[in-house]
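Listed below, chain by chain, are the residues.
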Amino acid sequence: MDGEESPAATALSTTTATTTTTSAAAQKETGTGTGTGTGAWFDVSREAPRFAGEQSAFEFQHRLVDAASGSAVSRVINAGRGNPNFLLTTVRDAFAQLLLFATFVAESGEGLPRGLKVRPDKRGIAKKLQDWLHKNSSSNGSAFLSSAISFIHEKLDLEADDIVFELFDAAQGDYYPVPPQMLPMTELIVRQYLNSVLFHNHPPLGTFSLFATEGATAAMIYLFNTLKVNHILAPGDKVAIITPIFSPYLEIPGLSENGFTPVYLSCQESLGWQLGPEEIAKLRDTSIKALFEVNPGNPSSYSMSRQTVTQIAQVIREHNPNLIVISDCVYANFVDEFHSLLHEIPQNVIGVYSFSKYFGVTGWRLGVVMVHQNTVLDTMIAQLPDEQRKQLAARYRIITPKPDKLRFMARLQSDSRCLALGHTAGLSGPQQAIMGLFALHELLDEKCSYRNAILGILRERWNNLHKGLGVTPPDTPSLTRYYALLNIAHLAEDKHGKEFATWLVQHTSLFGFLKLLAERHFTVCLPGTKFAGPDWSIRVSVANVCAEECTQIGSNIVQLLAYMAHRHATDSHLLGDLDE
């Protein structure tokens, strides 16, 4: 794009390949032939220590990192976390320029010490920014910021002073966000961005109300709280979960403060990680009150097919019309074909989107909750028994004289700050300012330069991983290639025969395999079982490691299987760390 750095420079891959020659010290630690060392915390025998089944995938990851780090190798290949190692710098540059302008334009008052200024008047602020950007035109961020303001003025029909004042005032964070739900211009921009990403610029009829949150994590916490407070969900209620899925969504229902009863809907690898008709039919059960999904999937990396989405929507319409769907769509940017329940049955769906993965901003905590204007949630609350409606009226009267008219989204926003502090709710101004800028970057990128660069990076890494494994990489428009869910049992049979694969599954554990992968090859991957994936599957975060390391990960897995197959064939007792 004009005035911006090249996509290759914008989407940075910052890691380097790592040599994984096993050192003598590391061999000692792995207990090769002795079964000692770090094997004490986790052995490879089938009867794994009990904590392995209780700890989350990400707590288990810390153990693997510790095991891999206790070696002479300077750097571990950590493909456990989903944090990407690419990031968009142009918007960060623009935000920095916005902050510098805010400090420049603030007015010095008579008698005030240096560094203390007064908030400026809105009149003429756009001309002042234009002059500032002209003086700093060598910056990529300045060129982008100028284009962004012109876009807002032309497409959203807003006055230039209003645009600039909301942007710079939010960036400097000198006021509470007003309204707390979302800054007006930011909501308009982000809604247009989401219409592009989630609906290919053909959104369903009606409007989605947006609530800016501290990432998708905060969104989920707020949602579960307000759904419980308003008697939409209660302890003991059945909640359906489409698996495999991001592991916290498996853990949240069972927490003592929730006490939900999970009903698992299992996607099948043989179906391209889609749900079969018998799984979808489970949603006919009206005792199931909610459905949790990540679409496109984590860890599968596949998005739902049009057929799957249509069938789920049909069952909900015809058999379970009050079912609430909580849809995490953070990976929608990464697929060429995206089909969503948000489009098919918007009144039933609460959408949760995060900017974190696509723009490389996990540390900024930028998320959005989407609720349709015709949501069934408002109807369900209005139809609650009298006693429950009276209780809710008493609760929400603190913020409105007409609590019965309060919509779900307003309840969500107020509940996010324990109601009484609802007037100070909302995502901080600086977070909302940069969120709007990230959304504008995508809207301005008509040639999809940034997206194409990101997808190219992931495709190269994906292909390299499978090259290292010695297998053909899957290739379909529904793939994100953000993660790879690898079936180690299938790979073992392909490389060393069915007898070895059967022994591997029956006499060793996946957790122990991952421990050896960390200790011997300094490579950290997560167990797919923690995501309700197949028993002998592992998740590789392709987004978190460079292309060369992806090749090495695949090679390391193959080498470890070869090592285990050799020891199995030559020694009935194998290793002390492989046999009970």
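Further up the page is the structure itself.
Residues numbered from 1 in each chain as written. Predicted model: local features only at pLDDT ≥ 70, side-chain atom pairs only at ≥ 80, totals over all residues. Heavy atoms only, no water.

Observations regarding the sheet that holds strand β13 (residues 537-541)
Working step 1: The 3 strands are arranged β10-β13-β12 in an open sheet whose pairing can be described as antiparallel. Since the sheet does not close on itself, it has two edges, and those belong to β10 (483-487) and β12 (526-527), each with one partner.
Working step 2: Sheet topology note: the β10/β13 ladder contains 5 bridges and is antiparallel. Across the sheet, L485 pairs through a bridge with R539, a residue of β13. (Pairing = 2+ DSSP bridges. Helix = DSSP H or I, 4+ residues; strand = E, 2+ residues; numbered from the N terminus.)

A word on the layout of surface pockets
Working step 1: The space that makes up the largest pocket amounts to roughly 780 Å³.
Working step 2: What lines the largest pocket is a set of 31 residues, and nearest its centre among them are A216, T217, F246, P248 and R365.
Working step 3: Secondary structure elements with two or more residues in the lining of the largest pocket: α10 (215-229), α11 (248-251) and α15 (356-359).
Working step 4: Element by element, the count of residues in the lining of the largest pocket is highest for α10, at 8 residues. (1 Å grid on protein atoms, 1.4 Å probe; cavity = no way out; pocket = protein on both sides within 12 Å on 5 of 7 lines; lining within 4 Å. Points joined across faces, edges and corners; volume = space filled by probe spheres on them.)

A short note on the sheet that holds strand β8 (residues 349-354)
Strands pair in a sheet through their backbones, by hydrogen bonds, and they do so in one of two ways: parallel or antiparallel.
Working step 1: Ordered by their spatial adjacency, 8 strands build an open sheet running β2-β9-β8-β7-β6-β3-β4-β5, and the pairing between neighbours is mixed. Whereas interior strands pair on both sides, the edge strands pair on one side only; in this sheet they are β2 (208-214) and β5 (274-275).
Working step 2: Inspection of the sheet shows strand β6 (residues 288-294) paired to strand β7 (residues 324-328) by 5 bridges, in the parallel sense. Following the sheet pairing, V294 is matched in β7 by D328.

A word on the packing of helix α20 (residues 449-469) against helix α24 (residues 547-570)
Working step 1: Two numbers describe how α20 lies on α24: the axes approach to 7 Å, and their chain directions differ by 25°. Classified by the angle their axes make, α20 and α24 are roughly parallel. As α20 runs across α24, the sense of the crossing is right-handed. Together, E460, R461, N464, L465, G468 and L469 of α20 and A547, E548, C550, T551, I553, G554, S555, I557 and V558 of α24 make up the contact between the two elements.
Working step 2: Considering only residue class, the contact of α20 with α24 consists of 7 nonpolar, 5 polar and 3 charged. (Axes fitted to C-alpha atoms, helices over the stretch in contact; angles between N-to-C directions. Parallel < 35°, antiparallel > 145°, perpendicular 65-115°, else oblique. Left-handed = near helix turned anticlockwise from the far one by under 90°. Contact = heavy atoms within 4.5 Å. Nonpolar A, V, L, I, M, F, W, Y, C, P; charged D, E, K, R; others polar.)

With respect to empty space enclosed by the protein
Working step 1: Across all of its chains, the model carries 3 cavities of 30 Å³ or more by this definition.
Working step 2: Counted as a void, the largest cavity has a volume near 130 Å³.
Working step 3: If you go around the largest cavity, you meet 17 residues; those closest to its centre are I242, C267, W273, V294 and Y302.
Working step 4: Contributing elements (two or more residues each) for the lining of the largest cavity: β3 (238-243), β5 and β6.
Working step 5: Taken together, the residues of the lining of the largest cavity break down into 9 nonpolar, 7 polar and 1 charged.

Remarks on the pairing of strand β9 (residues 366-372)
Working step 1: Where burial is concerned, most of β9 is hidden: 7 out of the 7 residues are buried.
Working step 2: Burial along β9 is two-sided: the residues L366, V368, M370 and H372 and G367, V369 and V371 are all buried.
Working step 3: Of the strand pairs in this sheet, β2 and β9 are connected by 7 bridges, and their pairing is antiparallel. In the strand pairing of β9, F208 is matched with H372.
Working step 4: Bridge count between β8 and β9: 5 bridges; the pairing is antiparallel. Residue pairing across strands places I350 opposite V371, the latter belonging to β9. (Buried < 20%, exposed > 50% of the residue type's maximum accessible area, 1.4 Å probe, protein only.)

Remember, this is a structural readout, not a statement about activity or role.
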